[in-house]
Structure formats: C-alpha cells, structure tokens
Amino acid sequence: INKNISISTKQLYEIYSSLSFLSFDNKKEQAELLYFDTIVNTSVAYFSELLERKKIEIVVNLEPCPLMISPTKAKMLINNLLSNSIKYSKPNSKITLTLSENSFSIKDEGIGIAQDKLDEIFTRFVRANSYAGGFGVGLNIVESIVHEYKYKINIDSKVDVGTTVTLNFEQEDERSKAKNKHV
C-alpha cells in the first residue's frame with residue numbers, strides 16, 4: 001500500500017509540475033552549466049517504483065553531458081519524456097536511455113504512435129490515444145523547451161513496436177555559421 005501511495009503521489013506531483021510550468025513565467029530561472037547525465041540518473045531513480053510496478057527493464061547508457069540549461073527545464077525535459085515512455089510501455093518491456101555529449105534518446109517498446117498522429121502530439125491538450133491517463137501537456141512542454149534552447153527533436157514511432165525520441169543538443173553558433181559562409 002505504501003508503494004501505491006508513493007507512486008500515486010509522484011504521478012500527481014508530475015501533473016502539478018507540468019501545469020505549474022505552463023501557468024507561470026519560467027523565464028526567470030537562468031541557464032547554468034549542468035551535467036545532464038546527473039539529471040537523467042535522478043529521474044530514473046525517481047521513477048524506479050513505477051518502472052518496477054510495470055516490470056519495465058531500464059537500460060541506461062550515459063556519457064557525461066555538460067549542458068547550459070535551467071535546472072527546472074532540464075528536469076521537465078527528462079521527466080516528461082520518461083514518464084511518457086513508462087505510461088505507454090507495455091508491462092515486461094524495456095526502455096533504453098542513451099546520452100552522448102550532443103544527444104539524448106529514449107527508446108521504448110510501447111504502443112507507438114500512428115503516423116497520422118505524429119504532427120499533433122506537441123499540441124497542448126491533444127493526446128494521440130486514450131491508452132493511459134494524462135492531459136496532453138507533457139510533449140507541449142518538451143517542444144517549448146526544445147524551441148527555446150534551439151535543440152532539435154526527432155520522434156520515430158511504429159504502432160505496436162515502440163517509440164524513440166531523440167533530442168539533439170548541438171547548436172550551430174554564430175562563428176561556425178560565419179565560417180561556413182566563407183568556405
């Protein structure tokens with residue numbers, strides 16, 4: 001019973017965090033140099049009871065990844081992507097997290113997203129299906145953070161096979177743009 005209460009409390013907290021993020025001005029928190037791998041490990045630990053309950057194996061391949069980002073936004077990125085993967089994964093499946101210096105990917109063996117729904121999944125309050133609960137705000141938050149920091153996001157999904165979400169952190173700075181113009 002205590003584990004059920006803990007899981008439910010965490011799920012409610014994630015909903016509250018997402019709605020608070022959407023409702024309040026989060027631009028005040030400054031970006032700082034964080035190790036994204038540390039934030040990923042913290043999120044995996046946070047969701048460990050839910051992963052255990054659904055009998056989802058988690059495989060974590062993390063390289064050090066220093067990144068300039070606000071702590072709240074880093075946490076929102078990971079928690080929204082990981083909670084979606086858990087939510088839409090079937091019991092006894094696997095989620096693989098891979099982090100390199102320039103990218104983060106999360107691959108699940110979940111229900112997948114139909115190709116005709118992929119364009120809609122970032123729209124606030126739109127959900128691709130009714131498989132699991134939610135309000136359809138998580139990917140909207142992810143997209144807003146990705147846009148703000150000029151990251152790139154790619155979603156590859158097949159129905160009944162799974163979904164891979166990849167964030168690319170590389171940004172083309174002004175010097176490399178200028179250098180490329182002179183080539």
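Residues numbered from 1 in each chain as written. Predicted model: local features only at pLDDT ≥ 70, side-chain atom pairs only at ≥ 80, totals over all residues. Heavy atoms only, no water.

In the structure shown here, the tally under the stated rule is five aromatic pairs. With centroids separated by 5.8 Å and ring planes inclined at 80 degrees, the aromatic side chains of F36 and F104 adopt a geometry described as edge-to-face. One end of the pair, F36, is in helix α2 (residues 36-46); the other, F104, is in strand β5 (residues 103-108), and 68 residues separate them in sequence. Among the residues examined, F36 registers a relative accessible area of 0% and is labelled buried. (Phe/Tyr/Trp six-rings, centres within 6.5 Å; stacked < 30°, edge-to-face > 60°. Helix = DSSP H or I, 4+ residues; strand = E, 2+ residues; numbered from the N terminus. Buried < 20%, exposed > 50% of the residue type's maximum accessible area, 1.4 Å probe, protein only.)

Right, let's get into the pairing of strand β6 (residues 152-158). Pairing geometry for β6 and strand β7 (residues 162-168), over seven bridges, is antiparallel. When the bridges of β7 are listed, N154 appears paired with T166. Turn length for the β6-β7 hairpin, with the two strands adjacent in sequence and antiparallel, is three residues, and the turn residue D160 shows positive phi of about 65 degrees. (Pairing = 2+ DSSP bridges.)

Moving on, we get to the nonpolar core. Membership of the largest hydrophobic core comes to 36 residues, with the highest contact counts inside it found for F36, I69, L77, F104 and F169. Only α2, α3 (48-53), β3 (66-69), α4 (71-88), β4 (94-99), β5, α5 (138-148) and β7 provide two or more residues apiece to this core. No other element matches α4, which puts seven residues into this core. The contacts of F104, once residues within four sequence positions are left out, are F36, V40, L81, L97, T98, L99, V165, T166, L167 and F169. (Core = buried A, V, L, I, M, F, W, Y, C linked by side-chain atoms within 4.5 Å. Contact = heavy atoms within 4.5 Å.)

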